[in-house]
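Close look at the chain arrangement
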Amino acid sequence: MKQYKYYLIFFTVITISIFSRFFLLQNQSLWFDEGWSLALSDATSLQENFYKIQNREAGDKYQTLYYLLLFLWRSLFGESEFAIRSLSALFGVGSVIIVYFTCLNIYGKKHAFWSSLILAVSSFSVFYSQDARPYSLLIFIAAFQIYFFSKSLNTETNNKIIFQVLFGIFSAIATFGSVLTLMFTSALYIAHAIVYRNFKEWLRWLIPSVIFSSPMLWFYLFSPAASDPTATAVTRTGLPIIQNIMFVIYGTLVGTSYAAPLEELRGDNKIEILLGYWPHLLIFFIVITVIFTALVKSLLSQLKTRKHQRADYLFAWILVISFLLNLVFALVTKINWLPRHSFYLCLPLFILIPSAFLHNYQADTQGQSQLDVLSKFAKIATVFLVVMNIYSNFNYYFNPIYGKDDYRGAVEYLVKNRDASAKSVLLLGQIRLFKYYGDSSTLYIPQYILETVKGKNLGEKIQTATNNAKTVFLIVNREFYWKLKDEFKKEMSELYTLEDEKNWRYVKIYRFVSKK
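Residues numbered from 1 in each chain as written. Predicted model: local features only at pLDDT ≥ 70, side-chain atom pairs only at ≥ 80, totals over all residues. Heavy atoms only, no water.

1. Section: the environment of glycine 455
Cut-off, in case you're wondering: Segments assigned H or I by DSSP are reported as helices when at least four residues long, segments assigned E as strands when at least two residues long, and all are numbered from the N terminus. In what follows, a contact means two residues having at least one pair of non-hydrogen atoms within 4.5 Å.
Tracing the backbone shows glycine 455 in the loop between helix H22 (447-450) and helix H23 (458-465). Each C-alpha atom, one on glycine 455 and one on alanine 465, is 9.7 Å from the other, the two residues being 10 residues apart in sequence. Here glycine 455 is in contact with Glu460 and Lys461, once residues within four sequence places are set aside.

Structure (structure tokens):
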């Protein structure tokens, strides 16, 4: 009966992870970043695909592996939204399985259940498991790194060399997957040095990784980004770093669809919007405070009976150090630090959370063990955290205000309403997605091309580019990034009349008719 219960719990968690990642997988349109995934995996051969990625001077150049895998995946399973995203969904399910067995080997069945359950319903993980982007793959690889590295907790030396070599191989794969993984791998080594203080043992784990990762380390060290971290084309922000820190913590724990929709926070009234969600934020604050207070208390308890204390210390140091390294990276590169750039934080964090209530024991007067009051509240708070993530997933699945860019709806409108005499122009967005959804007629004229078109203002430039078309559809994706957003209507008004304006999630289409 005990074995039956164990297998039932395991398959229940895996079933939840499968359902949450494949449910409504193709419901939403592919969005801007997924368009880059398509563009960077368009090729006739793997070699051509590799050269295309390496010739792009942007952040994607330093996370090559996913686009090569996506190229192979598309070759095997086709071009549908479900097929393209299912690769990430499978990696998401795989991460839950690896975390389960990692915790099972270190802590036992109860801890394995809680950690894998938190990851299974994690809104952060579910979002990127339904996203044709590299992050679900990177979490999967990082989970393998932790699995093999956790073997260092075993005091027996038998067969440890096998795990050290496997850890080195997966560290090399991680390095090929993203430059961001260097911070996570470095955090593993620093944490090991702090917890064990055994230089020879530390070298045994370090040397295989350095050997296997040396080609990619050489590539990164001699890349343009190494000499000038701000030269690579990535999204940057002028926000105070404290806001990025808060967003990373919030987004990792409950996803970005738990409280205020991100689109509503683009304006100057963001504080007012946030206050409108005060019950959500209050619950979040209470839950996280209780969990982390109990966790810190557990970590500071120096008890000889604490069987798993060394493991807790290791994962706590991994979490703290990787977070701090990510903070330094954000400050140096001036990148817009988002939860996805700290994808690996969810693993040590979710592994640690059950320690706040499963292993924090005190002896009563009769010699028996019982959970203290704070640990009981931590368990209740963890249940709330699971429910909060389920709620966040529900918003993501069903509430349009939390949705992705709706290229599909915008293209359907264009195809239906654009006659032969009309022209459509994409001024800001991902032209690959227009072609993906069946529109090969839209002209792509981004800012750097627009500057070369003849004309003193936008109206004249559009007139030239469309060869004096009577009706012009101007399309803008994520208008808050557009330099002309406050003045384009005025510049168009000299030659055109604005007749209609349509909105989809993060996509706007303006229909202008020539005055002549």
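2. Things to note about the sheet that holds strand E7 (residues 507-514)
Put simply, the test is: Strand pairing follows a simple DSSP-based rule, namely that at least 2 bridges must link the two strands. In this analysis an axis means a line fitted to C-alpha atoms, helices contributing only their contacting stretch, and an angle means the value between N-to-C directions, from 0 to 180 degrees.
In space, the five strands of this open sheet follow the order E4-E3-E5-E7-E6, with mixed pairing throughout. At either end of the open sheet lies a strand with only one pairing partner, and these are strand E4 (443-444) and strand E6 (496-504). Packing of H23 onto the sheet brings it into contact with strand E3 (422-428), E4, strand E5 (471-477) and E6, and relative to E6 it is tilted by some 85°.

3. A few points about helix H10 (residues 181-196)
Note the cut-off: Expected span of a helix: the number of residues minus one, times 1.5 Å. Burial classes: relative accessible area under 20% of the type maximum marks a residue as buried, over 50% as exposed, and values in between as partly exposed (1.4 Å probe, protein chains only).
Compared with the 22 Å implied by 1.5 Å per residue over 16 residues, the 22 Å span of H10 between its first and last C-alpha is a close match. For H10, the complete set of buried residues consists of Thr181, Met183, Phe184, Thr185, Ala187, Leu188, Tyr189, Ala191, His192, Val195 and Tyr196. The inward-facing, buried residues of H10 contact helix H8 (135-149), helix H9 (160-177), helix H11 (199-221), helix H16 (309-333) and helix H17 (346-352). Following H10 by one or two positions, arginine 197 adopts a phi angle in the positive range, close to 55°.

4. Thoughts on a nonpolar patch on the surface
Heads up, the condition is: Each patch groups residues whose relative accessible area exceeds 30% and which form no salt bridge, using 9 Å between like charges and 5 Å between nonpolar side chains of Val, Leu, Ile, Met, Phe, Trp and Tyr. For accessible areas, the Shrake-Rupley method is used with a probe of radius 1.4 Å. Any residue's cover is judged against the shown protein chains and nothing else. What counts as a salt bridge is simple: a side-chain nitrogen of Lys or Arg found within 4 Å of a carboxyl oxygen of Asp or Glu.
Among the surface-exposed residues, Ile161, Ile162, Val165, Ile169, Ile173, Ile207, Ile211 and Phe212 lie close enough to one another that they form a single nonpolar patch of about 650 Å² accessible area. Listed by contribution, the elements that provide at least two residues to the nonpolar patch are H9 and H11. Looking at the nonpolar patch element by element, the count peaks at five residues for H9. Mapped onto the elements, isoleucine 207 comes out in helix H11. Looking at isoleucine 207, the relative accessible area reads 43%, which means it is partly exposed.

5. Side note on the pattern of salt bridges
Applying the stated criterion across every chain yields a total of 16 salt bridges. A salt bridge links arginine 74 to aspartate 42, with the shortest nitrogen-to-oxygen separation between them at 2.8 Å. Separated by 32 residues along the polypeptide, arginine 74 in helix H4 (residues 64-77) and aspartate 42 in the loop between helix H2 (32-40) and helix H3 (46-54) bring together distant segments of the chain. The network of salt bridges with shared partners includes Asp42, Arg74, Glu79 and Arg432.

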